[in-house]
Amino acid sequence: MIHLSRRKLLVSGLAATAGASGLAVAARLAQKYGLVPPDSGGIYGLGETLTYASQRLLTQHSLAREFPRSRGRV
Amino acid sequence: MAIPVSAQLPGETSIPSAVSTAPVTKLAPRHSAVVRVTHWITTICFFTLLLTGIEIVISHPRFYWGETGTVLTAPLFQLPIPSSRRLVPTGYGYVLPDQNGWSRALHFEAAWIAVLTGLLYVISGLLTRHFRKNLLPGRAGLSWRALWTSFAKPFRLERTSAAEASSYNALQRLTYLFVIFVLFPLVIWSGLAMSLGFASAFPWSVTLLGGRQSARTIHFFVSLALVLFLLVHVAMVCLAGFWNCTGAMITGRTATRKEHA
């Protein structure tokens, strides 16, 4: 049998509340800064959203890898 | 005859034995909740990544080294399997159904979940000193003799003792550390290096691996190493007692039998 102390219960409750609040804030911020893709729904929505958002956060300027002129032929 | 309470470890619970002379089965704490939850999420993600990864490889079962590689360039090696793309030369007279679309979407989704789960595991492991307590091998276990003994023991197909089942030997610890801190980061890095967006943001990450096609080849070989680890891991679990080990990874407690003095 699992013994759940009052302290454990409080800590778990607080952690769950903090996690849910964090997710809600992250969702709001993502909407505000255009980090949610059009295909964010469905079973692949989570992966699509994380990929889309990280690409927009990481790639500020170039959308493709740039090589120096000295490497004209790869 | 009852076992004295003082002999019990903290958190241990004992199941009363019906016959006084029979061994007493004790439930000792084994894995924390974070370890168990992250283990099973990673397991689901790993199988998803493996299945979708195979589907992705089938669309182009040729591997190259360097920056570029196409059906018109000589491959480093080629898997002897048919392809799901008509233009990929495989030597087979037929083309497999193309499952590349959903496979890629699911591969990336499972990868995200695995990476986030892994981060949670590593942060929790550092905060709770899980790595130091359970995975960092002691100096005594690092001698060649001790490592060889740990390596050779499973081949003798001996049942592991209760003490051995409740902690990892030095070879197991080194293997887990290698998988967690070398293979997993390398498979993530080589996977990210194949992304055009990631390569444009961090070109050095691709250059260090020898190019995008080299990253793909490394990703393939590291995945093979992880599959090999999985096979050995499952074999060791079977040898150590499948239901006890699997139960411990679900409930967090492992059954240890104690004989009466």
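These lines cover the structure that appears in this document, whether it is placed above or below.

**Considering the overall build of chain A**
When you go through chain A residue by residue, the secondary structure sums to 2 helices and 0 strands. In chain A, which comprises 74 residues, the share counted as buried stands at 14%. About 6400 Å² of surface is accessible on chain A, with carbon and sulfur atoms providing 62% of the total.

**Comments concerning the packing of helix α4 (residues 144-152) of chain B against helix α6 (residues 170-193) of chain B**
In a pair of packed helices, the angle between the axes and the distance between the axes together describe the arrangement. Residues and elements named next belong to chain B. Where α4 contacts α6, the axes come no closer than 8 Å and their chain directions differ by 85°. By the angle class used here, α4 and α6 are roughly perpendicular. Contacts between α4 and α6 involve Leu147, Ser150 and Phe151 on the former and, on the latter, Ala170, Leu171 and Leu174. Of the residues that constitute the contact of α4 with α6, the class distribution is 5 nonpolar, 1 polar and no charged.

**Considering the layout of surface pockets**
Residue and element names in this part refer to chain A. Here the second largest pocket is characterised by a volume of approximately 550 Å³. Considering the residues around the second largest pocket, the lining is formed by 18 residues, among which Leu23, Ala26, Ala27, Leu46 and Leu50 are closest to the centre. Elements with a contribution of two residues or more to the lining of the second largest pocket: α1 (6-32) and α2 (45-58). Taken together, the residues of the lining of the second largest pocket break down into 11 nonpolar, 7 polar and no charged.

**Observations concerning the interface of chain A and chain B**
Across the boundary between the two partners, chain A contributes 19 residues, which contact 21 residues of chain B. Summed over both sides, the interface between chain A and chain B buries roughly 1500 Å², with carbon and sulfur atoms accounting for 62% of that surface. Sorting the residues of chain A by area buried against chain B places Tyr44, Leu58 and Arg65 of chain A first, and these three jointly supply 42% of that buried surface. Put simply, chain A and chain B have 0 salt bridges between them. Linking chain A with chain B are 3 residue pairs in polar contact (both at pLDDT 80 or more), by the criterion used here. Here the residues of the side of chain A that touches chain B sort into 9 nonpolar, 7 polar and 3 charged.

**A word on the packing of helix α1 (residues 33-58) of chain B against helix α2 (residues 100-127) of chain B**
All names here are of chain B. Closest axis-to-axis distance for the α1/α2 pair is 8 Å, and the angle between their directions is 155°. When the axes of α1 and α2 are compared, the pair comes out roughly antiparallel. The handedness of the crossing between α1 and α2 is left-handed. Split into classes, the residues belonging to the contact of α1 with α2 amount to 14 nonpolar, 10 polar and 2 charged.

**Notes on the nonpolar core**
In a soluble, globular protein the nonpolar side chains are often hidden away together inside. Residues and elements named next belong to chain B. Counting 13 residues, the largest nonpolar core has Leu183, Ala193, Leu209, Val222 and Leu226 as its most contacted members. Mapped onto this core, the elements with two or more residues apiece are α6 and α9 (212-251). The leading source of residues in this core is α9, at 5 residues. What leucine 209 contacts, discounting residues up to four positions off in sequence, is Trp65, Trp189, Ser190, Ala193, Ser214, Ala215 and Ile218. In this structure, Val35, Leu135, Leu177 and Met249 belong to the second largest nonpolar core, which totals 8 residues.

Cut-offs used in this document
- Residues numbered from 1 in each chain as written.
- Chains lettered and ligands numbered in written order.
- Predicted model: local features only at pLDDT ≥ 70, side-chain atom pairs only at ≥ 80, totals over all residues.
- Heavy atoms only, no water.
- Helix = DSSP H or I, 4+ residues; strand = E, 2+ residues; numbered from the N terminus.
- Buried < 20%, exposed > 50% of the residue type's maximum accessible area, 1.4 Å probe, protein only.
- Areas by Shrake-Rupley, 256 points an atom, 1.4 Å probe, with all protein chains shown as cover.
- Axes fitted to C-alpha atoms, helices over the stretch in contact; angles between N-to-C directions.
- Parallel < 35°, antiparallel > 145°, perpendicular 65-115°, else oblique.
- Contact = heavy atoms within 4.5 Å.
- Nonpolar A, V, L, I, M, F, W, Y, C, P; charged D, E, K, R; others polar.
- 1 Å grid on protein atoms, 1.4 Å probe; cavity = no way out; pocket = protein on both sides within 12 Å on 5 of 7 lines; lining within 4 Å.
- Points joined across faces, edges and corners; volume = space filled by probe spheres on them.
- Buried area = accessible area lost by both parts, 1.4 Å probe.
- Salt bridge = Lys/Arg side-chain N within 4 Å of Asp/Glu carboxyl O.
- Polar contact = N/O pair within 3.5 Å; in protein donor to acceptor, adjacent residues only side chain to side chain.
- Left-handed = near helix turned anticlockwise from the far one by under 90°.
- Core = buried A, V, L, I, M, F, W, Y, C linked by side-chain atoms within 4.5 Å.

The values are spatial; any link to function lies outside them.
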